[in-house]
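# Observations on chain architecture
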Amino acid sequence: MSQSTISLRHLRVFLAVVSSGSLATAAKLLHITLSAVSKSLKELEQELGVQLVIRGRKGMQLTQAGETFHKHAAQTLASFSQAMDQAQRSAEAPELLRIGALPTAAGYMLAPVIAQMRERYPQVRVQVLSGVYEYLVGKLRTHDIDLIVGRLIGRDMLGVVFEALYEEDLLMVVRKDHPLAGREHLLLDDLRPYVLLASPQGTLVRTSVDNFLLSEDAGEGFQIFESLSETFSRVYVQDYDAVWFVQRGVVDLDLRLGIVSPLPFASPLLRAPVGLTTPTDRPLSGAAQHFAQLLRGWRAIE
């Protein structure tokens, strides 16, 4: 017999014979015939070219070769059993979906889609990580997240690709009892007495704001206060007469709760695509593909 025919069966029989002290007892433990035990032991000794056990009136005794082989055979069988257990536990473990969420998505589209995901694929465990684009795209490249949901950033797209799903409005919002709240018609000149909260120079949101003001030939004289902190901007709007240029997704809950009111300004310049950013160096997992399909479907019926 060739070496490739030595199987786990031979190891199990040998170990059972050693632990029980007899071929007959080993046969009972393994639920096989005595002749099958004897045959397996003989095949193993023939393949190895050494005698493993000495059969005598006082029972069985391991030879020196048998003692050496017994130690390694026990380790081999234990390692195999451990590998089987880990593989089975891994197969039974829930699939993990790790979503990177830019603030605009975290506050608007993500919650209803994750609710659908949990309903349709309860076996998938979902984790959401929020942060700025540079942080999330770094996590995407190191395989710490599966995809990013949010607004197109437009820079540092090495190794990733963006799929647009819809366009999001950039709003101007004020607190619900602001002097401009509820007005159906406003001019940009009506904003001059108030502080305008906007992202710093160089950000895409600020570029949209500046282009909008230029397109309306609004000129200068606006009091623009720069902030990247949503928490600060939200508090400042509530406590003072500020007007906040902000993505719809960031303040969607505030709008639904009636905490802030949108001002009646609209322009194609105040819109930007929102969608999925995915890696180009690997395919999406099954869970990530399901999530992406739900995300596309949500926009179709939203």
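Our subject in this report is the structure included herewith. Quick caveat, the model's predicted, so the values are computed rather than measured. (Residues numbered from 1 in each chain as written. Predicted model: local features only at pLDDT ≥ 70, side-chain atom pairs only at ≥ 80, totals over all residues. Heavy atoms only, no water.)

## What about the packing of helix α1 (residues 8-20) against helix α2 (residues 23-30)?
Direction vectors running N to C along α1 and α2 enclose 120 degrees, while the axes themselves pass 8 Å from each other. Judged by the inter-axis angle, α1 sits oblique to α2. Crossing geometry of α1 relative to α2 is assigned as right-handed. Listed contacts from α2 to R12, V13, A16, V17 and S20 of α1 are L23, T25, A26, L29 and L30. (Axes fitted to C-alpha atoms, helices over the stretch in contact; angles between N-to-C directions. Helix = DSSP H or I, 4+ residues; strand = E, 2+ residues; numbered from the N terminus. Parallel < 35°, antiparallel > 145°, perpendicular 65-115°, else oblique. Left-handed = near helix turned anticlockwise from the far one by under 90°. Contact = heavy atoms within 4.5 Å.)

## A word on the side chain of S233
Note on placement: S233 falls in helix α9 (residues 230-239). Every residue in contact with S233, bar those within four places of it in the chain, is listed here: L197, S227 and W244.

## Focus on the environment of A74
Looking at the element boundaries, A74 is found in helix α4 (residues 64-92). With a relative accessible area of 31%, A74 lands in the partly exposed category. As a C-alpha pair, A74 and G249 span 175 residues in sequence and 60 Å in three-dimensional space. (Buried < 20%, exposed > 50% of the residue type's maximum accessible area, 1.4 Å probe, protein only.)

## Notes on the nonpolar core
Among the nonpolar cores identified, the biggest contains 24 residues, and L97, I99, M109, V149, F291 and L295 are the most heavily contacted of them. Among the elements of the structure, β3 (95-101), α6 (110-120), β5 (147-151), β6 (160-175), β11 (271-279) and α11 (286-301) are those that each provide at least two residues to this core. What L97 contacts, discounting residues up to four positions off in sequence, is M117, V124, R125, V126, Q127, D146, A287, A288 and F291. In terms of nonpolar packing, the next biggest core, distinct from the first, is built from 20 residues, M172, L196, L213 and L263 among them. (Core = buried A, V, L, I, M, F, W, Y, C linked by side-chain atoms within 4.5 Å.)

## Concerning the packing of aromatic side chains
The final tally for this structure, using the stated rule, is five aromatic pairs. On the basis of an interplanar angle of 65 degrees and a centroid distance of 5.3 Å, the ring pair of F14 and F69 is categorised as edge-to-face. With F14 in helix α1 and F69 in helix α4, the pair connects residues that are 55 residues apart, well separated along the chain. Judged on exposure class, the residue F14 and its partner F69 are both buried. Here the aromatic cluster, defined as three or more aromatic residues joined through ring pairs, consists of F225, F232, Y236 and Y240. Taking the ring centre of F222 as reference, the NZ or CZ of R192 above it sits at 4.3 Å. (Phe/Tyr/Trp six-rings, centres within 6.5 Å; stacked < 30°, edge-to-face > 60°. Lys NZ or Arg CZ within 6 Å of the ring centre and 35° of its normal.)

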